[in-house]
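# Chains, contacts and geometry: an overview
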Amino acid sequence: PGSGDLFYLRRPAGATTFSDAIRVNSEPGTAIATGTVRGGQIALGRGGWVHVAWNAARPIAKQTPMWYARLAPGAAAFEPQRAIGEHTRHLDGGGSVAADARGRVYVVWHAAGLKDGETDRRIYVARSADDGRSFRSEEAFAPDGGLCGCCQLETLADNDGRLQILYRSAGANVHRDAMWMTVGPRGALPPVRLQEWNLPACPMTTFAMTVTPAGLLAAWETQHQIQIATLDAARRTFSTVSAPAGTGIRKHPSLAVNKAGERLIAWTEGTAWARGGVVAWELQDGKGVTLASAANAGAVPVWGLVSAIARPDGSFIIVH
């Protein structure tokens, strides 16, 4: 898990088997899974381009790179991996990648700012306008309170040319609040606080975000519970925060929405440092009313995650 490889495969709609696996990283052993939050992230871009970004497994010249590789439509191999950005000192919590139908690609991560320490950590965004062929120098955004060092951030490129970012703050090294930032062509708007959480330690959490007919759907963890809210990107407001029924040590949410607007929330239960757990999920209609749910729905290995996927016929798959 500390020096591994990433693999890509696909299953076309209507098929029952996956394609052969293709290795993503051209340099062996440069991916990391330790800590769960640092694994590979994937985005589908214009014309079928596949974009993957991941935290490096080890430093190069005292900095830990943010790696990126892309796969051309119909290609049999990924292009050689590239290190994106120059500001990756103390890269720790997982980075992300987002893409849209206009050829824009964003590689996003958080790392040290001008000073060491969580409260001065910054979000870095490297943009491409040509399907990932080239990237501009990264922009730095320094939100008040910095960022929680070992928490993953999540990104989504919306239909209006904006980048949506979910992250966890670290104000005074205790305010581990769930935050929402929007970055447009002219820079970042002031972050929106989705939920407070006072904790004098890093909880090593992840976020999830997807598009619904009602707006953006977001999920995160607060105090071992999965939290869900709908975000209105135009008004920069959000709905009442809700949680799935039940309790447990709940982490690492994933979201999927089908063509009927039904939404599947999946997460891990019982996972911790060097400890696996199980899958749990809840299916809701478009208004958030629970339609079905399950606990102990399959094993999650050490450093594992779950991934919810909506199929073209309206059904769902959970990969774990």
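Just so it is clear, the model here is predicted, and its values are computed rather than measured. (Residues numbered from 1 in each chain as written. Predicted model: local features only at pLDDT ≥ 70, side-chain atom pairs only at ≥ 80, totals over all residues. Heavy atoms only, no water.)

## Quick notes on the overall build of the protein chain
Let me state the cut-off plainly: Strands here are runs of E lasting at least two residues and helices are runs of H or I lasting at least four, both read from the DSSP assignment and numbered beginning at the N terminus. For this measure, only C-alpha atoms enter the radius of gyration; the expected value for a globule follows 2.2 Å times N^0.38, where N is the number of residues. Each residue is placed in one exposure class: buried if its accessible area under a 1.4 Å probe, protein chains only, is under 20% of its type's maximum, exposed if it is over 50%, and partly exposed if it falls in between. Residue contacts are counted whenever heavy atoms from the two residues lie within 4.5 Å of one another. Under the convention used here, a 1.4 Å probe and the Shrake-Rupley method define accessible areas, while residue burial counts only the protein chains that appear.
When helices and strands are counted, the protein chain shows zero helices and 26 strands. The globule rule puts the C-alpha radius of gyration for 320 residues at 20 Å, and the 18 Å found for the protein chain is close to it. If you line up the protein chain on its principal axes, its C-alpha atoms span 50 × 50 × 40 Å. For the protein chain, the proportion of its 320 residues judged to be buried stands at 52%. Sequence-distant contacts in the protein chain: of pairs separated by 6 or more residues, those separated by 24 or more amount to 50%. Roughly 14,200 Å² of accessible area belongs to the protein chain as shown, and the carbon and sulfur atoms make up 53% of that amount.

## Here we look at the side chain of Thr 222
By the element assignment, Thr 222 lies in strand β17 (residues 215–222). Residue classification places Thr 222 among the buried positions, given a relative accessible area of 7%. Those residues in contact with Thr 222, other than ones at most four positions away along the chain, are Gln 195, Glu 196, Trp 197 and Gln 227.

## Quick notes on the sheet that holds strand β10 (residues 139–141)
Put simply, the rule is: Paired strands are those between which DSSP finds at least two bridges. To get an axis, fit a line to the C-alpha atoms, keeping to the stretch in contact for a helix; angles then go from 0 to 180 degrees between the N-to-C directions.
Ordered by their spatial adjacency, four strands build an open sheet running β7-β8-β9-β10, and the pairing between neighbours is antiparallel. Of all the strands in the sheet, the pair left with one neighbour each is β7 (96–99) and β10. For this sheet, the mean inter-axis angle between neighbouring strands, taken without regard to orientation, is 25°. Of the strand pairs in this sheet, strand β9 (residues 122–128) and β10 are connected by three bridges, and their pairing is antiparallel. Of the residues in β10, the one forming a bridge with Val 125 is Glu 139.

## Topic: the pairing of strand β3 (residues 41–44)
With burial as the criterion, only one face of β3 is covered, namely that bearing Gln 41 and Ala 43; the residues Ile 42 and Leu 44 on the opposite face remain uncovered. Examined bridge by bridge, β3 and strand β4 (residues 50–55) share four bridges and lie antiparallel to one another. Along β4, the bridge assignment pairs Leu 44 with Val 50. The antiparallel pairing of β3 with β4 creates a hairpin that spans five residues between the two strands, and Gly 47 there sits at a positive phi of about 70°.

## Comments concerning the sheet that holds strand β6 (residues 82–84)
Pairing in this open sheet of four strands is antiparallel, and the strands run β3-β4-β5-β6 from one edge to the other. Strand pairing shows two members of the sheet lacking a second neighbour, β3 and β6, which therefore form its edges. The mean angle between the axes of side-by-side strands here comes to 30°, regardless of whether they run parallel or antiparallel.

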